[in-house]
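Structural features, examined
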Number of protein chains: 2
Amino acid sequence: MNLYSGHINKLIEELASLPGIGDKSAGRLAFHIVHMPKDRVTRLASAITDAREHVHHCKVCCTLTDDEICPICANKDRDHRTIMVVENTRDQAAYEKTGKYNGVYHVLHGAISPMLGIGPGDIRLAELMKRLAADDVDEVIIATNSSLEGETTAMYISKLVKPTGIRCTRIASGVPVGGDLEYIDEVTLLRALEGRTEV
Amino acid sequence: MNLYSGHINKLIEELASLPGIGDKSAGRLAFHIVHMPKDRVTRLASAITDAREHVHHCKVCCTLTDDEICPICANKDRDHRTIMVVENTRDQAAYEKTGKYNGVYHVLHGAISPMLGIGPGDIRLAELMKRLAADDVDEVIIATNSSLEGETTAMYISKLVKPTGIRCTRIASGVPVGGDLEYIDEVTLLRALEGRTEV
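1. Points about the pattern of salt bridges
Applying the stated criterion across every chain, the model contains 18 salt bridges over all chains. Notably, a salt bridge pairs A:Glu53 with B:Lys38, separated by 3.5 Å at the nearest N-O pair. In this pair, A:Glu53 sits in helix 3 (residues 38–54) while B:Lys38 sits in helix 3 (residues 38–54), so the two residues belong to two different chains. Given the relative accessible area of 40%, B:Lys38 is considered partly exposed. B:Lys10 serves as the salt-bridge partner of B:Glu14, at 3.1 Å between the closest nitrogen and oxygen. Taken together, the positions of B:Glu14 and B:Lys10, both in helix 1 (residues 6–16) and four residues apart, correspond to about one turn of that helix. Residue class for B:Lys10 comes out partly exposed when judged on its relative accessible area of 35%.

2. Some points on unusual backbone geometry
Residues and elements named next belong to chain A. Non-glycine residue Cys62 carries a positive phi angle of around 70 degrees. Considering the arrangement of structural elements, one finds Cys62 in the loop between strand 1 (56–57) and strand 2 (64–65). In this structure Cys62 comes out as buried when scored by relative accessible area, which is 2%.

3. What about the relation of the copies chain A and chain B?
Related by rotation about an axis and a shift along that axis, the two copies of the chain form a pair. Laying chain A over chain B is done by rotating through 180 degrees and shifting 0.0 Å along the axis; what remains is an RMSD of 0.1 Å. Both copies of the chain, as the preceding transformation shows, are related through a two-fold rotation axis. Among all residues of chain A, the minimum C-alpha distance to the rotation axis is found for A:Ala45, at 2.3 Å. Both copies share a contact surface, since 100% of the interface residues of chain A are interface residues in chain B too.

4. Notes on the interface of chain A and chain B
Contact with chain A, which involves 52 residues of that partner, is made by 52 residues of chain B. Taken together, both faces of the contact between chain A and chain B bury some 4800 Å²; the carbon and sulfur share is 70%. Counting every contact that joins chain A to chain B gives four salt bridges. Mapped by element, the contributors of at least two residues to the side of chain A that touches chain B are helix 1 (6–16), helix 2 (23–34), helix 3, strand 2 and helix 5 (89–98) of chain A. Per-element accounting of the side of chain A that touches chain B gives the leading share, 14 residues, to helix 3 of chain A. Residues belonging to the side of chain A that touches chain B are distributed by class as follows: 24 nonpolar, 14 polar and 14 charged.

5. Concerning empty space enclosed by the protein
Take a probe with the size of a water molecule and roll it over the atoms, and the empty space left behind shows itself. Applying the stated rule across the entire model yields one cavity of 30 Å³ or more. Here the largest cavity defines a volume of roughly 70 Å³. As for the largest cavity, its lining consists of 13 residues, of which A:Leu15, A:Leu18, B:Leu15, B:Leu18 and B:Leu29 are closest to the centre. Listing elements by their share of the lining of the largest cavity, those giving two or more residues are helix 3 of chain A together with helix 2 (23–34) and helix 3 of chain B.

6. Topic: the environment of A:Thr89
By the secondary structure assignment, A:Thr89 is in helix 5. With 18 residues separating them in the primary sequence, A:Thr89 and A:Val107 have C-alpha atoms 6.5 Å apart. When neighbours within four sequence positions are excluded, A:Thr89 is seen to be in contact with A:Thr63, A:Leu64, A:Val107, A:His109, B:Tyr4 and B:Phe31. In terms of polar contacts, A:Thr89 uses its side chain to reach the backbone amide nitrogen of A:Leu64, at 3.5 Å.

7. Let's talk about the domain arrangement of chain A
Along its sequence, chain A is carved into domain 1 (6–54) and domain 2 (57–198). Summarising the inter-unit geometry, the C-alpha centres of domain 1 of chain A and domain 2 of chain A are found 34 Å apart.

The rules we used
Residues numbered from 1 in each chain as written. Chains lettered and ligands numbered in written order. Predicted model: local features only at pLDDT ≥ 70, side-chain atom pairs only at ≥ 80, totals over all residues. Heavy atoms only, no water. Salt bridge = Lys/Arg side-chain N within 4 Å of Asp/Glu carboxyl O. Helix = DSSP H or I, 4+ residues; strand = E, 2+ residues; numbered from the N terminus. Buried < 20%, exposed > 50% of the residue type's maximum accessible area, 1.4 Å probe, protein only. Least-squares fit on C-alpha atoms with pLDDT ≥ 70 in both. Contact = heavy atoms within 4.5 Å. Buried area = accessible area lost by both parts, 1.4 Å probe. Nonpolar A, V, L, I, M, F, W, Y, C, P; charged D, E, K, R; others polar. 1 Å grid on protein atoms, 1.4 Å probe; cavity = no way out; pocket = protein on both sides within 12 Å on 5 of 7 lines; lining within 4 Å. Points joined across faces, edges and corners; volume = space filled by probe spheres on them. Polar contact = N/O pair within 3.5 Å; in protein donor to acceptor, adjacent residues only side chain to side chain. Domains from an automatic or database assignment.

Okay, structure coming up:
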């Protein structure tokens, strides 16, 4: 539509191509940006290009970082013999927020999904196996999501890791803390039953 | 929080300062941007700076435009003797989309709001009065929103326009087409009753 000026239309189009931003939000954002102070607009634009330019994958764990080796991998106080495998940097951040995990991570940047055509070669699995071969590792904790893709990936990883003799565990799935059984799906309920422990 | 790289944190912060984007969406967007092709990131960033740089107010109607005078004001086929007053460029676009209005516009860029401390001097009212004094105008159609601020502004404008002898009208407010009376608020129902016309 040519209701707005060319520059505004262009901006709306670019914003609407981002995930979770529809045409209406893109319009609202575009008009907000046009009315923002110039220095704030410059800051927003350079934050975008800088992040794309300067953020890359950690040489050890593949997480996104500004440095060659991320602060967690570079930290000598962390337990480098325990590696938690996660799907992405945001899942890693979720465990970091707990403040209770002292091991290191490996970030796959995806999960195996035959439906989407994502195979084992498309995620950072080769890098994980290289680490396991080169470093002294006691345990691999698989913390992929509890989705179909996450479970497939977990199964695949466990089959790769087992022959190495390294201990391989999977985070528990079950009823979330504070969850009301009444509202929890059957698969989770059965999973919680299977995973029951002695009290 | 320092869970992510500095550049990602900076980007999340800038994105989260935009309206309607919370911390979670900002995180999702930031990670999407880091994984976008470089040329698309450059296009997004320059769309942002270009819009802020090159979009300004039309010298006649004050709408946002790339040119000195917007395409509507520059169009000789439009009826320049009828001016519709709207709060912002998006409201103008809403009427343009109908394709049935052939007059021109005046964009106020806001509405009078004593609550928010926005007075008549903070919106483009002086520019409207200058137009009415300089040009031959037959009718001013007040199409501010049907909110408290919009109604206040409409009343204020009508008081300014009436002494000039120019016809001053207000768009009808009432039950939206397709609206079910059952779900419509009382104020709108009463407004629709007051505004009833002969059939």
